[in-house]
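Secondary and tertiary structure notes
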Amino acid sequence: MADDLSDQLQRAAVLAELRRPDDVVRLLTPLLASHPDDPRVLDQLVQAHHAAGRFEAARDLAHRLVLAEPDAAANHVLLSYAAGACGATDLAVDAASGAARLAPGDPYAVYAL
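Residues numbered from 1 in each chain as written. Predicted model: local features only at pLDDT ≥ 70, side-chain atom pairs only at ≥ 80, totals over all residues. Heavy atoms only, no water.

**Quick notes on the packing of helix α6 (residues 73–85) against helix α7 (residues 89–102)**
- Contact geometry of α6 with α7 gives a least axis separation of 8 Å together with a crossing angle of 160°. When the axis of α6 is compared with that of α7, the two are roughly antiparallel. Judged by the sense of rotation from one axis to the other, the crossing of α6 with α7 is left-handed. Counting all contacts with α6, which are made through Ala73, His76, Val77, Leu79, Ser80, Ala83 and Gly84, the residues of α7 involved are Leu91, Ala92, Ala95, Ala96, Gly98, Ala99 and Leu102.
- Looking at side-chain class alone, the contact of α6 with α7 contains 10 nonpolar, 4 polar and no charged residues. (Axes fitted to C-alpha atoms, helices over the stretch in contact; angles between N-to-C directions. Helix = DSSP H or I, 4+ residues; strand = E, 2+ residues; numbered from the N terminus. Parallel < 35°, antiparallel > 145°, perpendicular 65-115°, else oblique. Left-handed = near helix turned anticlockwise from the far one by under 90°. Contact = heavy atoms within 4.5 Å. Nonpolar A, V, L, I, M, F, W, Y, C, P; charged D, E, K, R; others polar.)

Listed below in structure tokens is the structure:
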């Protein structure tokens, strides 16, 4: 099962590099049922939805990602970008602040703020 998940994640990464976010979503969405809190699945889905312009879906999944892995600054950055893209500015600022707090020396975390 783990090998299958790893294979699916690798395939999704290739699809993302080819700028095929809808294919990434089709591939990984069914995995949420069996891996609802897997940060790797959530991360790739957030980025795919964002790339496809589905910012509310990206925001909702990014929120789940932060809950699944709250100490990862990168997850807060993703939530900040997704929230900002759909007009949820308070959430975007809160998420960016969380990223900067978790990784004050990380330029991506500080830039999100």
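Read on, since the account is not over.
**A look at the side chain of Gln44**
- As for its placement among the helices and strands, Gln44 is situated in helix α4 (residues 39–51).
- The contacts of Gln44, once residues within four sequence positions are left out, are Leu9, Ala12, Ala13, Val24 and Leu28.

**Points about the nonpolar core**
- Grouped together as the largest cluster of nonpolar side chains are 24 residues, with contacts concentrated most on Val24, Leu28, Leu32, Val41, Leu45, Val46 and Leu61.
- Contributions of two or more residues to this core are made by α1 (2–17), α2 (21–28), α3 (31–34), α4, α5 (55–68) and α6.
- Once you skip the residues sitting within four places of it in the chain, Leu32 turns out to touch Val41, Leu42, Leu45, Leu61 and Arg64.
- By size, the runner-up hydrophobic cluster in this structure holds 7 residues, among which are Ala96, Ala99, Ala103 and Ala109. (Core = buried A, V, L, I, M, F, W, Y, C linked by side-chain atoms within 4.5 Å. Buried < 20%, exposed > 50% of the residue type's maximum accessible area, 1.4 Å probe, protein only.)

**Here we look at the environment of Leu9**
- Looking at where Leu9 falls in the secondary structure, it is placed in helix α1.
- Placed 15 residues apart in sequence, Leu9 and Val24 show a C-alpha to C-alpha distance of 9.1 Å.
- The contact partners of Leu9, leaving out residues within four places of it in the chain, are Leu28, Arg40, Val41 and Gln44.

**Observations concerning the pattern of salt bridges**
- Within this structure, the stated rule accounts for 5 salt bridges.
- Arg20 is paired through a salt bridge with Asp23; the nearest N and O atoms lie 2.6 Å apart.
- The partner of Asp22 in a salt bridge is Arg54, and the shortest N-O contact between them spans 2.9 Å. Separated by 32 residues along the polypeptide, Asp22 in helix α2 and Arg54 in the loop between α4 and α5 bring together distant segments of the chain. (Salt bridge = Lys/Arg side-chain N within 4 Å of Asp/Glu carboxyl O.)

**Topic: α6**
- With 13 residues, α6 ought to run about 18 Å at 1.5 Å a step, and its terminal C-alpha atoms sit 19 Å apart, in line with that.
- Residues Ala73, Asn75, His76, Val77, Leu78, Leu79, Ser80, Ala82 and Ala83 constitute the buried set of α6.
- Buried-residue contacts for α6 involve α4, α5, α7 and α8 (107–112).
- Just downstream of α6, Gly87 is the residue with a positive phi angle, here 85°. (Expected span 1.5 Å × (residues − 1).)

**Details of the environment of Ala99**
- Within the secondary structure, Ala99 sits in helix α7.
- Sequence separation of Ala99 and Gln10 is 89 residues, and the distance between their C-alpha atoms is 26 Å.
- Excluding residues that lie within four positions of it along the chain, Ala99 makes contacts with Ala73, His76, Val77 and Ala109.

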